[in-house]
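Summary of structural features
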Amino acid sequence: LVNAIFGFCDIRNFTDCTEVLRADIVKLVNDVARIVHTATKENFGAPNKNIGDAFLLVWKPKGQVAVHDVADSALKSYVRIILELQCSKQLRRWSRKSLIQLRLPGFTVRMGFGLHFGWAIEGAIGSSEKIDASYLSPHVNTAAR
């Protein structure tokens, strides 16, 4: 059992982007993932899962670190992600693609964000075929909403 701040963020208008970009959507998601993962790790968090267009992120208080300090780190991660999405030349190139602009006039790569603090069961979920580290809790689900 761990107490942590759980974060979810997802790429907005992802279905439309996927239909337009087809196989290139993987490149766009990886460009976003680099920003999300780096901002999270540099602010004392851990990327836990990539789920298509969404990312599960975790910030766990360690030692004598207060929960409000961990919450500040989570918020700093999100602010940095937002700023880097806006400044990324590569994401601007994706946004300017004519087929995306035709389908979604004025489109820019944007994300939605959720954070929630609470307990979770931390463990390995899966089978001998595939296993993932995961967090199970209603608090994780709340962050995703």
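All residue numbers here refer to positions counted from 1 along the written sequence of the relevant chain. Only residues with pLDDT of at least 70 get local features here, since the model is predicted, and only at 80 or more are side-chain atom pairs given and counted; chain-wide, interface and lining totals rely on the full set of residues. To get the side-chain values, take all heavy atoms of the structure and skip hydrogens and water.

A closer look at unusual backbone geometry
With a phi close to 60°, asparagine 13 is a non-glycine residue in the positive phi region. Its place among the elements puts asparagine 13 in the loop between strand E1 (2-11) and helix H1 (14-21). For each residue, the accessible area found with a 1.4 Å probe, counting protein chains only, is set against the maximum for its type, and the residue is called buried under 20%, exposed over 50%, and partly exposed in between. Asparagine 13 sits in the partly exposed class, given a relative accessible area of 32%. If you check the backbone angles, arginine 22 has positive phi at about 55° while not being a glycine. Starting at the N terminus, helices and strands are each numbered in turn, a helix being any DSSP run of H or I of at least four residues and a strand any DSSP run of E of at least two. Note that arginine 22 resides in the loop between H1 and helix H2 (25-41). Classification of arginine 22 as exposed rests on a relative accessible area of 63%.

A closer look at the sheet that holds strand E5 (residues 131-136)
By this definition, two strands are paired if DSSP reports at least two bridges between them. Spatially, E2-E3-E1-E4-E5 is the arrangement adopted by the five strands of the open sheet, whose pairing is antiparallel. Two strands close off the open sheet at either side, each with one partner strand: strand E2 (46-51) and E5. Neighbour-to-neighbour, the strand axes of this sheet turn through a mean angle of 40°, independent of strand direction. As paired elements, E2 and strand E3 (residues 54-59) share five bridges and run antiparallel to each other. Bridge pairing links alanine 46 to valine 58 in E3. Only C-alpha atoms enter the line fits that serve as axes; for helices the fit covers just the stretch in contact. Angles between N-to-C directions range over 0 to 180 degrees.

Notes on the environment of phenylalanine 107
Among the structural elements, phenylalanine 107 can be located in the loop between helix H5 (98-103) and strand E4 (111-126). Distance from phenylalanine 107 to arginine 92, taken between C-alpha atoms, is 9.6 Å for residues 15 residues apart in sequence. Contacts are residue-level and defined by heavy atoms, with any inter-residue pair within 4.5 Å sufficient. Residues contacting phenylalanine 107, with those up to four places away along its chain left out, are Arg12, Asn13, Cys17, Ser95, Ile100 and Gln101.

Observations regarding the packing of H1 against H2
Where H1 meets H2, the closest approach of the two axes is 9 Å, and the angle between their N-to-C directions is 135°. Between H1 and H2, the interaxial angle falls into the category oblique. Between H1, through Phe14, Cys17, Thr18 and Leu21, and H2, the contact on the second element is made entirely by Ile25, Leu28 and Val29. Note that Gly is not counted as nonpolar here; it falls among the polar residues with everything else outside the nonpolar set of Ala, Val, Leu, Ile, Met, Phe, Trp, Tyr, Cys and Pro and the charged set of Asp, Glu, Lys and Arg. Classifying every residue of the contact of H1 with H2 by side-chain character gives six nonpolar, one polar and no charged. Throughout, the term roughly parallel applies to angles under 35 degrees, roughly antiparallel to angles over 145, roughly perpendicular to angles from 65 to 115, and oblique to all others.

Some remarks on the packing of aromatic side chains
Stacked, tilted and edge-to-face are the three classes assigned to paired rings of Phe, Tyr and Trp, where Trp is represented by its six-membered ring and a pair needs centres within 6.5 Å; plane angles under 30 degrees give stacked, over 60 edge-to-face, the rest tilted. Across all of its chains, the model carries three aromatic pairs by this definition. Between tryptophan 59 and tyrosine 78 the ring centres are 6.0 Å apart and the planes differ by 85°, which places this aromatic pair in the edge-to-face class. Taken as a pair, tryptophan 59 in strand E3 and tyrosine 78 in helix H3 (residues 67-87) lie far apart in primary sequence, 19 residues in all. Judged by its relative accessible area of 0%, tryptophan 59 falls in the buried class. Of the residues examined, tyrosine 78 reaches a relative accessible area of 6% and is grouped as buried. With a centroid separation of 4.6 Å and 50° between ring planes, the pair formed by tyrosine 78 and phenylalanine 113 is classed as tilted. Residue tyrosine 78 is found in helix H3, and its partner phenylalanine 113 is found in strand E4; the two are separated by 35 residues along the sequence. Taken together, Trp59, Tyr78 and Phe113 form an aromatic cluster joined through their ring pairs.

In short, shape yes, function no, at least from these values alone.
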